[in-house]
Amino acid sequence: MSRWLRAAAVTGCTALLCATAGLSASPAAADDAPVTSFTLAPAFGQAGQTLTLTAQGTTTFPTDGSAGVTFNDDVTATSIQAVSPTVLDVVVPTNASTGPVAVVAGTTTYDGPTFTLQQSTAWTATLAPALLTFGHKAVVGAKLETTRTLTLPVSGAVATLQHRLGDSGAWHRAPGAADEMTSDDGTVSWKVQPASNGEYRVHFAETPEYGAAVSDPLEMRVRPQITVQPVTAAPVGSNTRIAGSVHPHVSGRVVLERLQGSSWHHIGSTQAHHGKFGFEIDPSTYSLLHYRVLRPGDATHHVALSRVLTIQAVHRVLVYGSSGADVLALQKRLRALHYDVGSKSSYYGWDMIHAVTAFEKVQGFARNGDAGPDVWARLAYPKRPRLKYRSVHGTSVEVNLTKQILMIAKNGHVWRILDTSTAGGYTYTDSAGLQATAITPTGHFVIQYKIDHLVKDKLGTLWRPSYFDSSGDAIHGEGDSNYGGDVPPYAASHGCVRITDLAVNRYYNVFAIGVPVWIYH
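Residues numbered from 1 in each chain as written. Predicted model: local features only at pLDDT ≥ 70, side-chain atom pairs only at ≥ 80, totals over all residues. Heavy atoms only, no water.

1. Considerations on the pairing of strand β4 (residues 68-71)
Consideration 1: Covered by surrounding structure in β4 are G68 and T70 together with V69 and F71, the residues of both alternating faces.
Consideration 2: Of the pairings in the sheet, the one linking β4 to strand β8 (residues 99-105) comprises 4 bridges and is antiparallel in character. Note that in β8 the partner of V69 across the bridge is V103.
Consideration 3: Pairing analysis gives 2 bridges linking β4 to strand β5 (residues 75-76), with the strands arranged antiparallel. Looking across to β5, one finds that F71 is bridged to V75.
Consideration 4: Remark: 3 residues form the turn of the hairpin made by β4 and β5, two consecutive strands paired antiparallel; N72 in that turn has positive phi of roughly 55 degrees. (Buried < 20%, exposed > 50% of the residue type's maximum accessible area, 1.4 Å probe, protein only. Helix = DSSP H or I, 4+ residues; strand = E, 2+ residues; numbered from the N terminus. Pairing = 2+ DSSP bridges.)

Rendered as structure tokens:
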């Protein structure tokens, strides 16, 4: 029997008489499908939350404070406010449970819909690392659990990662972070790659079973990346530039520091513009110097430091026969620029003469093979030769007749730069006694065959030649006893591509049969 019928029996009247007398409860359509007398908003919530009961049809509620509200038949609300004859505001009791809600007015009970008591939840959230270098990623993780009765993981909860810049301002969905659902163990995570300082938090959406939850903010600090262009030597008595950039490209003050004894000291500051900066140094003594660039921390980024830049201050012109730490520093820098410097050595020998000559050719300097002030200064900002014909895979060779250099490329990138001497354009008498012009052919060739010893003919000697055309033109040395003085800094051959004997010995196997060769002006 429905509650409406129970109320009619107690008062001794029929349902029709009761309705006529002004009682406003509505009969059920059937015992298994009761018609509710009012709506409930919201239909789910937590203890302490205010619900609004709105009467349906002809139902009205007492406004004299006599109405009572029960939850799941056994818990009565203690905070009820009659807003109007058709609206009651009710606070969910502390000990309420999921079940139907009813309004009791005297001996009449008004049936309502079911109220679902949400389980309370607790979260944990982590951010690792909380301090990262720009360009790297961190992981934001969180876990959601129930706390009302048993501590159990909440699976399938929709979680949103929120972000804000700094530690104030509005929260927004983290860029590129889609909503995720908690797994069976209640966890969820995102990978983030922030560009500046900020905070993250995780918002768990409300469901009928669980209330919404928001984690506390997790602070993220981002350290910029500071890159400095390589400088290995600085001439004493002249300015050398230390330049670099801050990533991301943010403006702001940057500081140049130098190691003095065991501590770092500020020696200058400047403003980075769009991430770019530059300092001038003027070493006064011949010594090994150590510099680094610092960007102080601010509201947007954590403090950052560049790598240590070790610079050899030099005060002399290096020539054949020189030796010392400055020779080693020069060799290291030229090797980093892909010039062929031979084996590691602090002695300025033939390999260094030709490496510097090749560098001078690329830079457009006078070609004497000496490392003077111009060479030292240009090492910080060198011109870099580019390949004209890039082979994505394997080894290839390019000969630039204008600059008189030979470049060996691997997988489309310059690997070695060699000093070379090609045809001088003069007239000579060939091996057949005919007049000929010294010309190095241009175009696309391949290494066709090789001879792994000294070859002699009427025009001279060829050390370990690698032939690239049918006319006898080859990449070769001269078989000169000094192993280096046989390649002048200008075009002088009959048509071949001449490199030093030392270089031939290093790269003879690199010039393998089938390796493509491009020759051009």
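Further notes follow.
2. Some remarks on unusual backbone geometry
Consideration 1: Note that the residue after A128, namely P129, is joined by a cis bond; omega there is -10 degrees.
Consideration 2: Mapped onto the elements, P129 comes out in the loop between β10 (121-128) and β11 (131-133).
Consideration 3: Omega for the peptide link from H247 to P248 comes to 0 degrees, which places this bond in the cis form.
Consideration 4: Here H338, not a glycine, exhibits a phi torsion of approximately 80 degrees, which is positive.
Consideration 5: Mapped onto the elements, H338 comes out in the loop between α3 (325-336) and α4 (350-363).
Consideration 6: Residue classification places H338 among the partly exposed positions, given a relative accessible area of 31%.
Consideration 7: Phi angles above zero are rare outside glycine, and Q404 is one such case at about 60 degrees.
Consideration 8: The residue Q404 is located in the loop between β29 (395-400) and β30 (405-410) in this model.

3. What about the layout of surface pockets?
Consideration 1: Looking at the largest pocket, its volume works out to about 340 Å³.
Consideration 2: In terms of residues, the lining of the largest pocket owes the most to one element, strand β37 (residues 460-467), which gives 3 residues.
Consideration 3: Within the lining of the largest pocket, the residues separate by chemical class into 5 nonpolar, 9 polar and 4 charged.
Consideration 4: Reported here for the second largest pocket is a volume of approximately 290 Å³.
Consideration 5: Every residue lining the second largest pocket is counted, 17 residues in all, and those nearest its centre are T232, T310, L328, A329 and K332.
Consideration 6: Elements represented by at least two residues in the lining of the second largest pocket include exactly β28 (309-314) and α3.
Consideration 7: If you tally residues by element for the lining of the second largest pocket, the top one is α3, at 6 residues. (1 Å grid on protein atoms, 1.4 Å probe; cavity = no way out; pocket = protein on both sides within 12 Å on 5 of 7 lines; lining within 4 Å. Points joined across faces, edges and corners; volume = space filled by probe spheres on them. Nonpolar A, V, L, I, M, F, W, Y, C, P; charged D, E, K, R; others polar.)

4. A short note on a positive patch on the surface
Consideration 1: Side chains of R307, K332, R335 and K344 sit close together on the surface and give a patch of like positive charge.
Consideration 2: Secondary-structure assignment places R335 in helix α3. (Patch = residues over 30% accessible without salt bridge, like charges linked within 9 Å, V, L, I, M, F, W, Y side chains within 5 Å. Areas by Shrake-Rupley, 256 points an atom, 1.4 Å probe, with all protein chains shown as cover. Salt bridge = Lys/Arg side-chain N within 4 Å of Asp/Glu carboxyl O. Lys, Arg positive; Asp, Glu negative; His and termini not counted. Charge placed at Lys NZ, Arg CZ, Asp CG, Glu CD.)

5. Details of the nonpolar core
Consideration 1: With 30 residues, the main nonpolar core has L330, L334, Y339, Y348 and W376 as its most contacted residues.
Consideration 2: At 7 residues, α4 tops the list of elements feeding residues into this core.
Consideration 3: Ignoring anything within four residues of it in the chain, the contact list for L334 reads Y339, V341, M352, A355, V356, F359 and L379.
Consideration 4: Residues L127, L132, A138 and V140 belong to the second largest nonpolar core, which totals 23 residues. (Core = buried A, V, L, I, M, F, W, Y, C linked by side-chain atoms within 4.5 Å. Contact = heavy atoms within 4.5 Å.)

6. Side note on the side chain of Q363
Consideration 1: As for its placement among the helices and strands, Q363 is situated in helix α4.
Consideration 2: Within polar-contact distance, the side chain of Q363 engages the side chain of R378 at 3.1 Å. (Polar contact = N/O pair within 3.5 Å; in protein donor to acceptor, adjacent residues only side chain to side chain.)

7. Some points on the sheet that holds strand β3 (residues 50-55)
Consideration 1: Reading across from one edge, β1-β3-β7-β6 is the order of the 4 strands in this open sheet, with antiparallel pairing throughout. Each edge of the open sheet is held by one strand with a lone partner, namely β1 (38-41) and β6 (80-84). Taking the axes of each pair of neighbouring strands and ignoring which way they run, one obtains an average angle of 25 degrees across the sheet.
Consideration 2: Bridge count between β1 and β3: 4 bridges; the pairing is antiparallel. By the bridge assignment for β3, A41 is matched with T52. (Axes fitted to C-alpha atoms, helices over the stretch in contact; angles between N-to-C directions.)

8. Let's talk about the pairing of strand β9 (residues 108-117)
Consideration 1: Most of β9 sits inside the fold, with 7 of its 10 residues counted as buried.
Consideration 2: The antiparallel pairing of β8 with β9 creates a hairpin that spans 2 residues between the two strands, and G106 there sits at a positive phi of about 65 degrees.

9. Considerations on the confidence of the model for the chain
Consideration 1: Scored by pLDDT, the chain has a mean of 89; 92% of the residues are at 70 or more.
Consideration 2: For residues 1-31, every residue scores under 50 in pLDDT, and the model assigns this stretch 35 contacts once sequence neighbours within four places are set aside. (pLDDT = per-residue confidence, 0-100.)

10. Considering the pattern of salt bridges
Consideration 1: Applying the stated criterion across every chain yields a total of 13 salt bridges.
Consideration 2: The salt bridge partner of R241 is E280, with a shortest N-O separation of 3.4 Å. With R241 in strand β22 (residues 240-247) and E280 in strand β25 (residues 276-281), this residue pair connects regions lying 39 residues apart in the sequence.
Consideration 3: Owing to a relative accessible area of 46%, E280 belongs among the partly exposed residues under this scheme.
Consideration 4: With a closest N to O distance of 2.6 Å, R292 and E257 form a salt bridge. Placement of the pair is R292 in strand β26 (residues 288-295) and E257 in strand β23 (residues 252-260), with a sequence separation of 35 residues. Across the pair, E257 and R292 agree in class, each one buried.

11. Some words on the sheet that holds strand β34 (residues 443-446)
Consideration 1: One open sheet accounts for 5 strands, arranged β31-β30-β29-β40-β34; its pairing is mixed. The sheet terminates laterally at β31 (413-419) and β34, the two strands that pair on one side only. Sheet twist, expressed as the mean angle between neighbouring strand axes with direction ignored, is 20 degrees.
Consideration 2: In this sheet, β31 lies alongside β30 in antiparallel orientation, the contact comprising 6 bridges. Within the sheet, the bridge partner assigned to L406 lies in β31 and is L418.

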